[in-house]
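An overview of the molecular structure
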Amino acid sequence: MAKPLAYWHVEALGFTVEAYKGMETGHPGIASYLLGSGNIRLVLTSAYPTLLRQKEDEILHFIHNYYAGVKRIVLRTQNVQQVFAEALVKGAIPVRFPVKQEDENGMIEQAAIRLYDHAEIVFLDREHYNGVFLPGYTSPTPVQKDAGPLFTDIDHIASELRMNEISFWTNYLQSAIGTRLIQQITRSADNKTGLLLNINQLPGKTLTMVMAEPESAEARSKVQQNIDNYGPGIHHLAFDTDDILSTVKALKEHHVELVNFPPSYYELLRADPGLSGFDINELEKNGILLDKEGDSYLLQKFIKPFGDRPFFIYEIVQRINGYNGFALKNINVLKKAEEMELMRMATELN
Ligand SMILES: [Fe+2]
């Protein structure tokens, strides 16, 4: 189902198909679409059984177990062998040792290490490749688009993990690829979120990994429910935009299903004198979250799951004046808003 999903990304989210690999290009059993929006590159891959049964088994296995999600996070490097060897010395779990691939457009090299139960971090060198993307891919017929991309970059990749996993994977990424722990929510009396959270980032912010785990087994948090129902792993990708209001309006015109928040949340925003510069009515109308640090701001919006399996989603983020955080306060504000809504419902029932 990569084809209809690629169509949805193009028509609903404004992505462009930049390269394609499949039966028509000599690769039966696999269909891969490279999609672009600003600096974001997503590869959607699907597979179907063929008599040849070459590489599709691994993809079919992933789809069977997880339906749609992130299998590979790809980091560009010009020295795959060295980066991979150093990662292994520091404790990374190997998945694929460095391998080169060549065609008439040049050469690429890649290797992969394990991430979580079923994901991978790939080190890819395509500096010496002049083709459209990777060997096997061709350019599709260009489609004239009347509007520019809606998103600029990948802001962060967020995961929901089991109890006691986030410190393991935080240390793992620190050793294997050199991320730093830049923010966290730890166990404390003030933490009413039911979550523990670690935010890990590569220098230069080229990769930000947000990891959440349930604070306790008893709390029955949303994270624990998701893990019970769908297993742990990468839960959402957040895309940056320069203008979240226009982006959300465009998505609404494309009939994209979006997550909204209770009126109490916006009552709490209106009560905050530090946010008087914002048109809270407009934010409420478009279901946008707002957080503040000094004179910098974060605006957030969530797209509902694009498939029937309600686990993997996209988030949209706009950072104003270099807002550096991840709206950790918002989790508590939303909790409070939820409580206010419950109180209101209880009062109405009485
Ligand atoms: Fe997020």
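Residues numbered from 1 in each chain as written. Predicted model: local features only at pLDDT ≥ 70, side-chain atom pairs only at ≥ 80, totals over all residues. Heavy atoms only, no water.

A few words now on the pairing of strand β4 (residues 72-76). Of the two faces of β4, the one holding I73 and L75 is buried and the one holding R72, V74 and R76 is not buried anywhere. Alignment of β4 against strand β7 (residues 119-125), held across five bridges, turns out to be parallel. Paired with I73 across the strands is I121, a residue of β7. (Buried < 20%, exposed > 50% of the residue type's maximum accessible area, 1.4 Å probe, protein only. Helix = DSSP H or I, 4+ residues; strand = E, 2+ residues; numbered from the N terminus. Pairing = 2+ DSSP bridges.)

Taken residue by residue, helix α1 (residues 2-13) has A2, A6, H9, V10, A12 and L13 as its buried positions. Buried residues belonging to α1 abut β1 (16-21), β2 (30-37), β3 (40-47), α6 (244-253), β14 (296-303) and β15 (313-320). Looking at the residues trailing α1, positive phi occurs at G14, about 75 degrees. (Contact = heavy atoms within 4.5 Å.)

Next up on the list: the sheet that holds β3. Pairing is antiparallel across the open sheet formed by three strands, whose spatial order is β1-β2-β3. The open sheet terminates on both sides in strands that have one partner only, identified here as β1 and β3. For this sheet, the mean inter-axis angle between neighbouring strands, taken without regard to orientation, is 20 degrees. Against the sheet, helix α2 (residues 56-66) contacts β2 and β3, and its axis sits at roughly 100 degrees relative to β3. (Axes fitted to C-alpha atoms, helices over the stretch in contact; angles between N-to-C directions.)

Note on the iron ion: its protein donors are H156 (NE2), H236 (NE2) and E315 (OE). The metal-donor distances range over 2.0 to 2.2 Å. One chain supplies every donor for the iron ion, spaced along it as H-x79-H-x78-E. You can see H156 sitting in strand β8 (residues 154-160) and its partner H236 sitting in strand β12 (residues 233-240), a full 80 residues away along the chain. Summarising the burial analysis for this pair, H156 and H236 share the class buried. (Donors = N, O, S within 2.8 Å, 3.2 Å for Na, K, Ca; no water.)

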